[in-house]
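Next come the chains, spelled out residue by residue.
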Amino acid sequence: MATGTEESAEAARGPAACYRELSRFPAITRAALRAVAGGQTFQLYTECSRPDLARRRLLRFGRHYSLRRTAGRQGLAVSRTALSAEIHDQLLSQDSPTGQRRAAIKRALQGHELLEVWDSGGCSHSVDLTALGKHGDVYTQGPFACLAWSHSETRLLYVAEKSRHKRQSLCPWDVPGAAWPAAEDDDEEGKQFLYHEDWGEALSTRSMPVLCVLDLESLSLSVLEGVPEHFSPGQALWSPDDRGVVFVGWWHEPFRLGLSACSNRRSGIFHLDLASGCCELLSAENVSVCSPRLSPDGQRLLYLEGVVGGPHRQCLRLRMLTWQTRQTVTVLDVVQEPTEAFAGLYVEVLPPQCWAADSRRAVLGTPQRSRTDLLLVDVEASTITNLTAGSPEGCWELLTLQWDLLVATCSAPHHPPSLVVAMLPPAGQELPLGWVLVEDTPTVPGVTWKTLTVQPPCSGQGPTVQDTQAFEALLLSPSDGTSPHPLVVCPHGGPHAVFDARWRPSMAALCQLGFAVLLVNYRGSLGFGQASISSLLSCVGEQDVADTQLAVEQALHREPLDPHRLALLAGSHGAFIALHLLTREPKRYQACALRSPVSNLLTHLGTSDIPDWRYISLGLPYSFERVPRAEEVATMLLRSPIAQASQVQTPVLLCVGARDRRVSPMQALELYRVLRAKGVPARLLWYPEGGHALAGVETEADVFKNCAHWLLQHLGQPRRDGTGQHSP
């Protein structure tokens, strides 16, 4: 019988302890610079967050640094200037152009939203936006959100929900003598339950956004007029002369389709003249656009552009508008097939500050195959310089670029994010870039990783891109010397997404528990060219499933892995792939844990915020008035794992959010009942407040703990040596 000390030591090596230990590394979410001492010294402020598991909340805090110019290639000396300080009740913040002031949207008592402005003397302004009653809740996150200073630093621009009349109490029909609504309320009578559309998954409170301006001198708040009612504005910034506002507008007629993780919705870049109220379309008519970024000299506007319809995520163009002439040019075009130098642009947003001081160069991060690299773009020459190619870190993200000072994070599957800075050299002299560590993090022990290249076999019907293009998978392995390791196979969701080589605490935790993890970027993933993305259309449930299994077989052939202990761990479309694998090879996998699974394409039509995807994924055209034909209904059902669920023999864990708007949780319930009826071990976890991503500190921790325990239960305990790995 184990002693109390032995039992506690064993518990300390379990999933909960591993996750708790690896979740302590913070994510760096924002950075801002302020130049002092004639530009020889910079004050750097960063905002960070990490799960506070004990208090079941997200801990947010700020850090302050001093950066001083020095001689030499790196040219910077770094020092911490203050202790970390917790950030309370702040929803959104933005520093002014000079860095002398900071605006913040905060949550106060009774849920009121305050807009505060801080400077060296303390809080100079505090306005209760809720009490003014001009609009609803401020948009502090998501695709519409913004908080923009005017160049004069006298006005603030943000987006909020349009104010609606409060619902009137229903007439108490059964109360004698009850008062009826006054005549002037007749228009509102009967509207208490009127349906208001929203923008879908993760945006259920986003229905009718409006642009709002707070004048700090007069303390007047105004909701801007002149924005046409048939589209929703967001991502706003001031025009170069502060006389107008530039924003992205999304069309929402005849009805809204889900916007989260969808870069294919019709939208445009607009300019609203504040004096005349004239609203001018600056971009092309029938495209999808986002992330307008104005150059320091105010002469150029950079933005991303994609096509409307088709895959929800795609390779994008980088477009530039010359402000004075209103002429637009393509700086970087869509890449069909990647080259060694450039694989295309796949980002959803550009960095908030991405322009160099010369207003000719810009820096952005984007997936390049299974990496995310920082690219420097010369907008005049349309040339690209990869600033991070070949670095040991697999994921780089730019936080800000001001005064030619780059602030970025870098991470890898075995290395949590580090904060780095670099001075951007003159044009043509950028490489090698001298990165300086500001905040380093240690490499996590017990985890190694590599990139595997997988070559699909030729179909025998001719050498097409679909037949010949290789894809990749990331293999994370325990470094304990106790191979062969059991393998957990993870195809990503999307399906047009990518597993880049970044830090993921849950995956590192699985390695520390003794599992190898295979992250599969099957054909159709981002980062490998538009032709690869398009190749999956009409082939879902076939090509993606075959690619995932091929990656598994090649990994088993090349690496010291246990072919008799395989498991699947996936979410959304990745779970769709996993279920297909279970139906086709019932005895191949010993365990399966799924999040928000797609199991029935047919029922997806009437329950998802993206019904268009069900048509596009099968190679069918979509229109708003589309109703499926009988043969299309049959095809959707035949392509669905639920149609072959009777073949499943593998124990399945299902984790779903009751508030999921993208994939109805009823799909998981339907699958759960089928598996239980067939006698297959199945367990369903139902998170009442969870959405599609099952996000939130408590939810994410619980999902990981249950998935890890499920794998340990059905694969058996991986072996451990003296460093803490499992033994039989």
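Here the structure is a predicted model, which is why all the values come from computation and not from measurement.

Draft legend 1. Here's a closer look at the side chain of H604. The topology assignment puts H604 in helix α9 (residues 601-607). On the accessibility criterion, H604 (2% relative accessible area) is buried. A polar side-chain atom of H604 sits 3.1 Å from a polar atom in the side chain of R614. There is a polar contact of 3.5 Å between the side chain of H604 and the backbone oxygen of R662. Not counting the four nearest positions on each side in its chain, H604 is found in contact with R614, R662, V663 and Q667.

Draft legend 2. Layout of the packing of aromatic side chains. In total, this model carries 15 aromatic pairs according to the counting rule given. Centre to centre, the rings of F144 and W199 are 5.9 Å apart; their planes meet at 55°, and the pair counts as tilted. Here W199 lies in the loop between β11 (155-161) and β12 (209-215) and F144 lies in the loop between α3 (129-132) and β10 (147-149), a separation of 55 residues in the sequence. Side by side, F144 and W199 carry an identical accessibility label, which is buried. Centre to centre, the rings of Y615 and Y622 are 5.8 Å apart; their planes meet at 40°, and the pair counts as tilted. Residue classification places Y615 among the buried positions, given a relative accessible area of 2%. Put simply, the rings of Y139, F144, W199 and W250 pair up and form one aromatic cluster.

Draft legend 3. The pattern of salt bridges, seen in detail. Within this structure, the stated rule accounts for 41 salt bridges. R56 is paired through a salt bridge with E698; the nearest N and O atoms lie 3.3 Å apart. Note that R56 is positioned in the loop between β2 (41-52) and β3 (57-69) and E698 in helix α13 (residues 697-715), a separation of 642 residues in sequence. Taking relative accessible area as the criterion, R56 reaches 58% and is therefore assigned exposed. The exposure class of E698 is partly exposed, given its relative accessible area of 46%. Across the pair R626 and E632 runs a salt bridge, and its minimum N-O distance is 3.0 Å. Pair check on accessibility: R626 and E632 agree, each one buried. Three or more residues are tied together by salt bridges with common partners; here these are R30, E47, R60, D95 and R102.

Draft legend 4. Seen up close, the sheet that holds strand β14 (residues 231-238). Reading across from one edge, β14-β15-β16-β17 is the order of the four strands in this open sheet, with antiparallel pairing throughout. Only two strands of the sheet have a single neighbouring strand rather than two, namely β14 and β17 (279-281). Neighbouring strand axes in the sheet, compared pairwise and without regard to direction, differ in orientation by 30° on average. Of the pairings in the sheet, the one linking strand β16 (residues 267-273) to β17 comprises three bridges and is antiparallel in character. Note on β17: the bridge partner recorded for F270 is L281.

Draft legend 5. Broad picture of the environment of F471. Mapped onto the elements, F471 comes out in strand β30 (residues 471-477). Judged by relative accessible area, F471 falls into the buried class, the value being 1%. Residues F471 and A85, 386 residues apart in the sequence, show an inter-C-alpha distance of 44 Å. Look past the residues within four positions of F471 in its chain and what remains in contact with it is L452, T453, V454, P456, V520, N521, Y522, R523, F528, D547, L550 and A551.

Draft legend 6. Structural detail: the packing of helix α2 (residues 15-22) against helix α5 (residues 505-512). Look at α2 against α5: their axes get within 9 Å of each other, and the N-to-C directions meet at 135°. Judged on the interaxial angle alone, α5 and α2 are oblique. Crossing handedness for the pair α2 and α5: right-handed. In contact with C18, Y19 and L22 of α2, α5 contributes P505, A508, A509 and Q512. Here the residues of the contact of α2 with α5 sort into six nonpolar, one polar and no charged.

Rules behind the numbers
Residues numbered from 1 in each chain as written. Predicted model: local features only at pLDDT ≥ 70, side-chain atom pairs only at ≥ 80, totals over all residues. Heavy atoms only, no water. Helix = DSSP H or I, 4+ residues; strand = E, 2+ residues; numbered from the N terminus. Buried < 20%, exposed > 50% of the residue type's maximum accessible area, 1.4 Å probe, protein only. Polar contact = N/O pair within 3.5 Å; in protein donor to acceptor, adjacent residues only side chain to side chain. Contact = heavy atoms within 4.5 Å. Phe/Tyr/Trp six-rings, centres within 6.5 Å; stacked < 30°, edge-to-face > 60°. Salt bridge = Lys/Arg side-chain N within 4 Å of Asp/Glu carboxyl O. Pairing = 2+ DSSP bridges. Axes fitted to C-alpha atoms, helices over the stretch in contact; angles between N-to-C directions. Parallel < 35°, antiparallel > 145°, perpendicular 65-115°, else oblique. Left-handed = near helix turned anticlockwise from the far one by under 90°. Nonpolar A, V, L, I, M, F, W, Y, C, P; charged D, E, K, R; others polar.

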